[in-house]
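# Observations on the model geometry
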Amino acid sequence: MGASAEHSEDGSGGGCLACDLIAGTEPLPGGTISRTGHWTVEHCVGPLGLGTLVVKPLRHVVHVADLTAEESAELGPLLRRTSGAVTAVTSPEQVYVCLWSHAGGVPGHIHFVVQPARADDMARHDAYGPALQVAMFGAGRVPGEHDVADVCDRLRAALAQPAR
C-alpha cells in the first residue's frame, strides 16, 4: 500500500505523530539516530525510559502485512543492530522489542519499540514485560532533553559500528 490520503509520500501531514517526527514538524529530542532507505531510528518521545528507541518505516504504514519486500528485508537486520546498540550503551537486564501501532484505539503508523529493561526500573515499578511498560506510562516520567541528546549521541556511535 502507498501513503494514505491523509499522508504525503514524505510522511508529513494527517496528524500522525510518527510522520510529523520524521518530517521535522514536531520536535524530536536527540534527533534522528539512524536512517536506512526505508526506516528511521529515533529516541522514544514517551515515558518508556532513557535509551528506548523507536524503529519505524519512513512512509506511513499501518499494518506489517503492508510492508514492501524492500522494507521487510531491512527490518530484521536493523532491529538486531538497534537492539545491540541499546544493549551496548545501556547495559540492561533485557531489551524488549515490540510492535506498537495504535493511537486512541485506532491503528496508526507502525513502530517497533526497542526498550532497555533495567533492574532499577523493574524494582521501582514492581513489574516487568508489558506490565512494566504500562507502569512506566502510568508514571509519565519522560527523560530530560539533555539526557536524551547524550544517550542518542552514544547510540548513534554504537550503530555506526560495523555489524557483527
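Higher on the page you've got the structure.
Residues numbered from 1 in each chain as written. Predicted model: local features only at pLDDT ≥ 70, side-chain atom pairs only at ≥ 80, totals over all residues. Heavy atoms only, no water.

## Some details on the overall build of the protein chain
- Per the secondary structure count, the protein chain includes 5 helices and 5 strands.
- Reading the helices (α) and strands (β) of the protein chain from amino to carboxyl end gives α-β-β-β-α-β-β-α-α-α.
- Over its C-alpha atoms the protein chain spans a radius of gyration of 15 Å, differing by no more than 12% from the 15 Å that the globule rule assigns to 164 residues.
- Considered along the principal axes of its C-alpha atoms, the protein chain spans approximately 45 × 40 × 30 Å.
- Looking at the protein chain as a whole, 44% of its 164 residues qualify as buried.
- Carbon and sulfur atoms provide 56% of the accessible area of the protein chain, an area that totals close to 8200 Å².
- For the protein chain, the separation between the mean place of its 11 positive charges and that of its 18 negative charges on side chains is 8 Å. (Helix = DSSP H or I, 4+ residues; strand = E, 2+ residues; numbered from the N terminus. Rg over C-alpha atoms; globule rule 2.2 N^0.38 Å. Buried < 20%, exposed > 50% of the residue type's maximum accessible area, 1.4 Å probe, protein only. Areas by Shrake-Rupley, 256 points an atom, 1.4 Å probe, with all protein chains shown as cover. Lys, Arg positive; Asp, Glu negative; His and termini not counted. Charge placed at Lys NZ, Arg CZ, Asp CG, Glu CD.)

## With respect to the side chain of T82
- Within the element layout of this structure, T82 appears in helix α2 (residues 69–90).
- Judged by relative accessible area, which is 0%, T82 ranks as buried.
- Discounting chain neighbours no more than four positions away, the residues touching T82 are V41, L53, V55, V114 and L159. (Contact = heavy atoms within 4.5 Å.)

## Observations concerning the pattern of salt bridges
- Applying the stated rule across the entire model yields 7 salt bridges.
- Between R59 and E71 there is a salt bridge whose closest N-O contact spans 2.7 Å. Taken together, the residues R59 in the loop between β3 (53–57) and α2 and E71 in helix α2 connect sequence positions 12 residues apart.
- Each of R118, D120, D121 and R124 takes part in salt bridges that share partners, so that together they form one network. (Salt bridge = Lys/Arg side-chain N within 4 Å of Asp/Glu carboxyl O.)

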